Structure formats: structure tokens, C-alpha cells
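# Structural overview for review
Here is what each chain is made of, one letter per residue.
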Amino acid sequence: MIIERDATVTPTRYAHRDLRKELGVDIAKASSDDLLAAWLWSTEARYCRVMANRANRIRDAIDLACGNVRLLKGNEWPESGGDRTPVGVRGQVDAALDHVLAQLELLDRDASGDYEQVLSAWRDMSREAGVPVVELFSGEGDRRRAPVEGAYEAYRRMAKASERLDALLAELCTEVHAAALLENERHRSVQSGRLPPEAVFLRSVHQAVHRHRIRVSVEVAHMEEAARLPRETLEFSPYQAESEISRKSDTGSHGLRSSLYEAIVEWSPIRRQLADQLEAELNTADQMVARAGELWDALAPRCALTPERGGTAEPADSAGLFGMLAQLSQEVSVSRDRLEEALSEHRALAWPLAMRANRRCDWARSGRSLGMEDIRRLHHREFEHLVADLLERDGLVIEQAAGGAGDLGADVIARCPETGRRIVVQCKHTRTGAKVGTPDLQRFKGTVWDIHQADVALLVTNAAFSRKAKELAGQFGIQLMGGPQMDQWARLGDPLTEVRL
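Small disclaimer: the values here were computed from a predicted structure and weren't measured.

Throughout the structure, instances matching the rule amount to one cavity of 30 Å³ or more. What lines the largest cavity is simply Ile-270, Gln-273, Leu-274, Gln-277, Ala-342, Glu-345, His-346 and Leu-349. Counting only elements with at least two residues in the lining of the largest cavity, the list comes to α8 (252–299) and α9 (318–365). Its residues assigned to classes, the lining of the largest cavity shows four nonpolar, three polar and one charged.

This part covers the nonpolar core. Judged by nonpolar contacts, the single largest core of 29 residues is most densely connected at Ile-62, Leu-104 and Val-118. Elements that contribute at least two residues to this core include exactly α2 (32–74), α3 (89–127) and α5 (147–190). Per element, the largest residue contribution to this core is 12 residues, and it comes from α3. Not counting residues within four places of it along the chain, the set of residues in contact with Leu-104 comprises Ile-62, Ala-65, Cys-66, Val-69, Leu-165 and Leu-168. Within the second largest apolar cluster, 25 residues are counted, among which are Leu-386, Val-387, Ile-423 and Cys-427.

Turning our eyes to something else, we now look at the packing of helix α12 (residues 438–448) against helix α13 (residues 467–476). As a packed pair, α12 and α13 sit with axes 9 Å apart at the nearest point and diverge in direction by 15°. Overall, the two elements α12 and α13 adopt an arrangement that is roughly parallel. For the element pair α12 and α13, the recorded crossing hand is right-handed. Facing α12, whose interface residues are Thr-438, Leu-441, Gln-442 and Lys-445, α13 presents Lys-468, Ala-469, Leu-472, Ala-473 and Phe-476. Broken down by class, the residue content of the contact of α12 with α13 amounts to five nonpolar, two polar and two charged.

Between helix α11 (residues 380–393) and helix α14 (residues 483–490), the shortest axis-to-axis distance is 11 Å and the interhelical angle comes to 55°. In terms of orientation, α11 and α14 fall into the oblique class. The chirality of how α11 crosses α14 is left-handed. Residue-level contacts link Phe-383, Leu-386, Val-387, Leu-390, Leu-391 and Arg-393 of α11 to Met-486, Trp-489 and Ala-490 of α14. Residues belonging to the contact of α11 with α14 are distributed by class as follows: eight nonpolar, no polar and one charged.

Here we take up the sheet that holds strand β3 (residues 397–400). What the five strands build is an open sheet, ordered β3-β4-β5-β6-β7; its pairing is mixed. If you trace the sheet from one side to the other, it starts and ends with β3 and β7 (479–481), each paired once. Ignoring which end each strand starts from, the neighbouring axes of this sheet average 25° apart. When strand β4 (residues 412–415) meets strand β5 (residues 422–428), the two strands line up antiparallel, connected through four bridges. For Val-412, the partnering residue across the bridge sits in β5 and is Val-425.

Moving on, we get to the confidence of the model for the protein chain. When pLDDT is averaged along the protein chain, the result is 75, and 68% of the positions lie at 70 or above. Across residues 131–144 the pLDDT falls below 50, and counting only partners more than four positions away or on other chains, this stretch makes 21 contacts in the model.

Scanning the model with the defined rule gives zero aromatic pairs in all. Positioned above the aromatic ring of Trp-363 is the side chain of Arg-393, whose terminal nitrogen or guanidinium carbon lies 4.5 Å from the ring centre. Seen from the ring of Phe-476, Lys-445 lies directly overhead, with NZ or CZ sitting 5.2 Å from the centre.

Let us look at the pairing of β4. In the case of a regular strand, side chains alternate between the two sheet surfaces. Where β3 and β4 come together, three bridges link them in antiparallel fashion. The residue of β4 that forms the bridge with Gln-400 is Ile-413. Following β4, the chain reverses through six residues before pairing antiparallel with β5; Gly-420 in that reversal takes a positive phi of roughly 80°.

Across its 14 residues, α11 extends 20 Å between first and last C-alpha, which sits within 8% of the 20 Å expected from 1.5 Å per residue. When α11 is considered as a whole, its buried residues turn out to be Phe-383, Glu-384, Leu-386, Val-387, Ala-388, Leu-390 and Leu-391. Count one or two residues on from α11 and you reach Gly-395, which has phi positive near 100°.

So, about the pattern of salt bridges. Tallied over the entire structure, the rule returns 21 salt bridges. When the shortest N-O distance is used, the salt bridge between Glu-399 and Arg-415 registers 3.1 Å. You can see Glu-399 sitting in strand β3 and its partner Arg-415 sitting in strand β4, a full 16 residues away along the chain. Residue classification places Glu-399 among the partly exposed positions, given a relative accessible area of 39%. Put simply, Lys-468 and Glu-471 hold a salt bridge, and the shortest N to O gap is 4.0 Å. With Lys-468 and Glu-471 both in helix α13 and three residues apart, the pair spans about one turn of that helix. Among the residues examined, Lys-468 registers a relative accessible area of 44% and is labelled partly exposed.

Right, let's get into the side chain of Thr-461. Along the chain, the position of Thr-461 falls in strand β6 (residues 456–461). Side-chain polar atoms of Thr-461 contact the backbone oxygen of Lys-428, separated by 2.8 Å. Each residue touching Thr-461, except ones within four places of it in the same chain, is listed here: Phe-383, Lys-428, Val-436, Met-481, Gly-482, Gly-483 and Met-486.

What counts as what
Residues numbered from 1 in each chain as written. Predicted model: local features only at pLDDT ≥ 70, side-chain atom pairs only at ≥ 80, totals over all residues. Heavy atoms only, no water. 1 Å grid on protein atoms, 1.4 Å probe; cavity = no way out; pocket = protein on both sides within 12 Å on 5 of 7 lines; lining within 4 Å. Points joined across faces, edges and corners; volume = space filled by probe spheres on them. Helix = DSSP H or I, 4+ residues; strand = E, 2+ residues; numbered from the N terminus. Nonpolar A, V, L, I, M, F, W, Y, C, P; charged D, E, K, R; others polar. Core = buried A, V, L, I, M, F, W, Y, C linked by side-chain atoms within 4.5 Å. Buried < 20%, exposed > 50% of the residue type's maximum accessible area, 1.4 Å probe, protein only. Contact = heavy atoms within 4.5 Å. Axes fitted to C-alpha atoms, helices over the stretch in contact; angles between N-to-C directions. Parallel < 35°, antiparallel > 145°, perpendicular 65-115°, else oblique. Left-handed = near helix turned anticlockwise from the far one by under 90°. Pairing = 2+ DSSP bridges. pLDDT = per-residue confidence, 0-100. Phe/Tyr/Trp six-rings, centres within 6.5 Å; stacked < 30°, edge-to-face > 60°. Lys NZ or Arg CZ within 6 Å of the ring centre and 35° of its normal. Expected span 1.5 Å × (residues − 1). Salt bridge = Lys/Arg side-chain N within 4 Å of Asp/Glu carboxyl O. Polar contact = N/O pair within 3.5 Å; in protein donor to acceptor, adjacent residues only side chain to side chain.

Dropping the structure here:
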């Protein structure tokens with residue numbers, strides 16, 4: 001910040017001196033309560049977002065722990081009797097698993113409620129963006145309970161839940177440790193102190209299949225949750241997206257919603273693609289789990305992992321069964337690689353869309369976004385200045401901001417500071433929607449190259465071009481920007497380099 005001689009607070013982040021002075025006057029008029037309230041609101045919003053992210057990780061950890069304990073409870077035990085039965089181990093482990101699972105389910109229920117409270121607080125802070133900050137905090141002198149307070153209390157409860165989760169898992173490990181020692185001793189006694197290699201292989205493949213299935217199911221759950229968030233946050237149903245986007249004159253908060261919905265519509269095909277891939281991988285994982293269970297039932301007695309049932313003889317084709325087990329191991333590895341590749345591809349496709357959506361939302365919030373109906377009501381001079389402002393926003397240096405008598409067809413002239421290329425623009429504004437025809441194009445072509453020495457010639461209108469004009473533009477080397485491209489440039493805030501001319 002700079003204090004000039006007239007004691008005006010001047011923000012240095014803006015390039016234009018007049019803009020700095022005007023905003024500096026407004027800042028100087030603001031009271032200390034105004035500035036403090038604005039800072040508090042910004043800090044609370046950021047804090048709510050951080051707590052929501054942390055609370056989500058805690059909830060996921062509790063969900064994963066519940067799933068792992070349920071998987072352990074679903075494992076089959078050997079039948080009673082015989083020297084392979086772990087005497088006294090089954091009751092001890094089952095009791096420990098039941099106790100911990102009951103505690104984890106209670107913990108999961110409470111954590112889910114607290115997480116929804118934290119997420120609700122973050123949404124409340126987002127919706128309150130349009131409320132004057134002084135009214136938001138003062139409330140005519142009465143202290144107002146901000147959403148961040150409820151979020152902080154819920155997050156503290158979730159942090160205690162995370163500590164309780166660690167204590168429960170440690171308790172489970174302690175109670176099962178003795179049982180694990182007995183189980184290990186049983187295997188050692190059966191096979192002279194060590195498990196056979198085929199038993200180790202069978203157990204490793206069986207565990208790998210179940211771990212992969214859990215990983216895929218977690219990704220599916222995350223994708224389903226992400227698909228619900230935009231609708232819950234914006235409080236609109238999906239079928240309204242297209243109608244919102246079609247309202248090209250929306251600005252302000254409506255323009256922001258329209259920008260968000262356009263991001264959702266662009267992201268939906270990518271999300272559906274990944275959702276289809278995850279669904280296919282989940283079906284494949286389910287099939288592999290079923291096959292792993294069948295191979296376990298057939299080979300576990302052979303490997304002394306479970307007792308023989310009723311004196312069943314050794315399978316005649318045990319070599320063939322182990323061959324199927326080896327094939328299953330390869331399929332699990334391929335499925336894991338396929339899952340990682342799908343997730344990496346999704347991230348690569350979603351990242352540019354997220355950055356563009358963020359930029360468009362910033363442009364809508366800036367108040368400079370103009371829809372086509374707003375542009376139609378402009379005077380033709382205002383339209384020329386709008387084009388010059390948009391070019392300057394995109395980083396070009398403006399040499400001429402509007403046309404006039406004797407401009408020889410050049411309304412706006414700009415130059416690229418990096419390359420020095422000269423861009424000459426002719427603007428054709430209409431309030432009736434009349435198309436730009438070949439006479440305008442021919443007059444522009446007669447001066448833009450020879451007289452104005454343009455490197456790029458651009459003809460801009462808020463309407464459309466005739467078919468013949470489009471054909472001649474290709475022959476003359478002139479770029480055309482019609483209504484749809486103008487909407488993308490002025491309303492959405494996309495730079496000129498990303499507008500498809």
C-alpha cells in the first residue's frame with residue numbers, strides 16, 4: 001500500500017492509476033469495523049474449507065477401518081476338531097472383532113453427522129458471500145454466531161473421533177496378537193515349523209484380490225459423492241443446467257451459477273467415463289473375489305491352511321488349480337494397473353477444466369461479465385471500448401481504443417508485447433440482429449493489410465455473418481468473431497487465444 005500526499009490509501013496491485021485512486025478513496029472511507037469484518041469473513045471461509053477437507057479424511061479413515069474389520073469378520077474359520085484347529089483362538093478373535101466393530105460403527109455414525117455439519121458450515125459461508133460483511137458480523141449490535149463456530153466444534157469432535165479410532169485399532173491389535181501367535185505356531189507345527197510355498201502363494205493372492213476389491217469400491221464411493229456435490233452446493237437439479245447456460249444475459253450471481261453449471265456439464269462426460277470404467281473394474285473385482293474364494297476352498301486344505309473336511313482326498317488336478325491361481329494373480333496385477341491408468345487419465349482431463357472453471361467464476365464475480373443482451377443494448381462506441389478492454393485484459397497493448405472519422409476501417413488496434421504482432425479490429429455492433437455481409441468484409445480487406453499493416457485482421461460482431469462473408473473471410477485471411485464467440489469472450493471471460501474463431 002502507498003500513502004500519497006493527499007492521504008489517499010492506494011492499492012498498488014492495479015495497473016491503472018485512476019483505478020488505484022478510485023479504489024483508494026473507497027478504502028479510505030471504510031471504517032475499521034468494515035475492514036476487520038471483511039478480513040474475518042475471508043479467514044472464516046478459508047478455515048471452514050480447511051476443516052471440511054480434514055474432516056473428510058477422518059471420515060474416510062473411519063469408513064476404511066470399518067470395511068477392513070467387516071472383511072476380517074467374514075473370513076472363514078477351520079472346522080472344529082483335528083490338530084489344525086486353533087484351540088481357543090476363534091472365540092478370542094471373534095469377540096475382539098465384534099467389540100471393535102460395534103465401537104467403530106458408533107464412531108462412524110457420529111463422525112458422519114459431524115462431517116455434514118462441517119460441510120454445511122462451509123456451504124453457509126459460500127452462500128453468505130453476497131451479504132454485507134458488517135451486517136454479517138454485527139447484526140445491529142448483537143453478537144451473531146458465525147457458521148465457523150459450529151464447524152469448529154464439529155471438527156473438534158471428529159478429531160477426538162480420530163484419536164478414538166487409533167485407540168480402537170490399537171486395542172484390536174493387542175487382543176488379536178496372542179491369537180496370531182497361536183495361529184502362527186499352529187502352522188509351524190503342521191509343516192515342521194514353516195508354511196509351504198504354495199500356502200504362502202495362496203494366501204497372498206487371496207489377500208491381494210480382496211484388497212483390490214476394497215480399493216475399487218472406495219474409488220466408486222468417492223466418485224458417487226463427487227457427482228452429488230455440485231447439485232447440493234448450488235441447490236439446483238441437473239436438468240436445469242442447460243436452461244441456465246442458455247440464459248446468455250445472466251451476470252452477477254446468475255452469471256456465476258451459469259459458469260458453474262457450464263463447468264459441471266463439461267465435467268459430466270469425463271465423470272461418466274471414469275464411472276463406467278470403475279463400474280466395470282468393480283464387476284471384474286467381484287468376479288475375481290468369487291474365483292479366489294473357490295480356489296481357497298479347494299486348495300486351503302491341501303496347503304494345511306484349513307483342516308480336511310470329512311477325509312476329502314487331495315484334488316486330482318491340484319496343478320491345474322494352482323495354474324488358475326497364478327492366472328488370477330496376473331489378472332489382479334493387470335486390473336490394478338488399469339485402475340491407476342484410468343485415475344491418472346481422469347486427473348489429466350479434469351485439471352484443465354477445473355482451472356478454466358475457476359477462471360470463469362473469478363470473471364463472473366468481478367462484475368465485468370456481460371451477456372449478449374447487455375451487449376446488444378450498448379452504443380456502438382461502447383461496443384468498441386468493450387472490445388478494446390477485453391483485448392487489454394488478455395495482455396495486449398492497446399494503441400487505438402475506438403474508431404472515428406478517417407479511421408479507414410480500423411476501430412481498435414492492439415499489439416502483442418511478446419511478439420510485436422499487430423492486431424487490427426473492425427467492430428460491427430447491431431441491436432436488430434442483422435448479419436454482417438460481404439460489403440463490410442470487402443471494405444475491411446481493402447485497408448487492413450496495406451494501410452494498417454496488420455499481422456492479424458479481426459472482424460467482431462454481436463450478431464452473425466452471412467454464408468458468403470464466411471467464405472470470403474477464409475480467402476482474405478480475416479478472422480471472424482460472431483455472437484457465440486463474443487459471448488464466450490465477454491460473458492465467460494475466456495482469453496482470445498481460447499475462443500474458437
